[in-house]
Amino acid sequence: MDGNLEIFLKAVIIFCACISIICFVRAVIGPTIPDRLVAINMIGTQMIIIISVLTILLKEAWLADVAAVYALLSFLGVVVLTKIYIGIYRKKHAELFGEEEETDGISIQESQVNDK
Amino acid sequence: MSTFRVVLAIILLAIGMLFILLSVIGVFRMKFVMNRMHAAALGDTCGLLFMILGLITISGFTFTSLKLLGVLVLFWLTSPVSGHLLSNMVKSTMNSDLTVHADQKELENKAK
């Protein structure tokens, strides 16, 4: 591999690492929980890019499999966290406003329309 | 490796880095979760696409580049679903009107 290209690939890895640190700052200061999840999702993207660059830089073909597994795991994390958070929100909502308040997406839309 | 391939790979990787930088700037400048999600999706799609295209240009027609293409397809299948779940979570956990931008809402609160 060309020497200049190797230096550039290392620069790409350092760039993605810096971007993931900046995303971590967003995850810490994010005012709501969806903000934090979006930032964590972006960190996952940066990690996939870093692993893909390492695949070419180290000439190890199996690192691409690691990148695929990382993509699936970060997707699974988002799915589980959103389901858990919606469940917690519904529980709190039912405790505060009683059981008759349905917090499904469609019914919330209808209640917003009725509020207007 | 010929000079043309090296230059093409560096250009594609630089475009990918530019997209990622734009998405991070968008995540920090936008005021509301949905806008931030829009900015983050830019890095998820175009950033990863151009990065993997640059790496495939370096690798050539090998099995490694096919695997990298598989990673890209897998991520493009899962990223819209996670974005949909996140926006569904935002919609079902917020009681306020989502069509109003955060700045507009602050202005209205100040006006009251």
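Conventions and cut-offs
Residues numbered from 1 in each chain as written. Chains lettered and ligands numbered in written order. Predicted model: local features only at pLDDT ≥ 70, side-chain atom pairs only at ≥ 80, totals over all residues. Helix = DSSP H or I, 4+ residues; strand = E, 2+ residues; numbered from the N terminus. Buried ≥ 20, exposed ≤ 12 C-beta atoms within 10 Å, placed from the backbone. Contact = placed C-beta atoms within 7 Å. Nonpolar A, V, L, I, M, F, W, Y, C, P; charged D, E, K, R; others polar. Expected span 1.5 Å × (residues − 1). Bend = angle between axes of the 7 residues up to and from the residue.

S.K.: What is the right way to read the overall build of chain B from this model?
M.R.: Each helix and strand in chain B was counted, giving four helices and zero strands. Ordered by position from the N terminus, the helices and strands of chain B form the series α-α-α-α. Counting every position in chain B, which comprises 112 residues, the buried fraction comes to 38%. In chain B, of all internal contacts separated by at least 6 residues, the share reaching a separation of at least 24 is 62%.

S.K.: Explain the interface of chain A and chain B to me, please; I cannot follow it from the model alone.
M.R.: Accessible area lost when the parts come together is the quantity often used to give the size of an interface. Of the residues lining the interface, 43 residues belong to chain A; the matching set on chain B comes to 41 residues. Top contributing element to the side of chain A that touches chain B by residue count: helix α2 (residues 33-57) of chain A, with 14 residues. Tallied by class, residues from the side of chain A that touches chain B come to 29 nonpolar, nine polar and five charged.

S.K.: Help me understand unusual backbone geometry in this model?
M.R.: Note: most peptide bonds trans; most residues except glycine with negative phi. All names here are of chain A. At K59, a position not held by glycine, the phi torsion is positive, near 55°. As for its placement among the helices and strands, K59 is situated in the loop between α2 and α3 (63-97). On the neighbour-count criterion, K59 (11 C-beta atoms within 10 Å) is exposed.

S.K.: Just checking my understanding: could you explain helix α2 (residues 33-59) of chain B for this structure?
M.R.: Owing to its 3.6 residues per turn, the α-helix aligns residues three or four sequence positions apart on the same side. Residue and element names in this part refer to chain B. Here α2 contains 27 residues, and its C-alpha end-to-end distance of 38 Å stays within 8% of the 39 Å for a straight helix at 1.5 Å per residue. Where α2 bends most, the angle comes to about 25°, and this point is G47. G60 sits one or two residues past α2 and shows a positive phi near 85°.

Geometric values such as these leave the question of function open.
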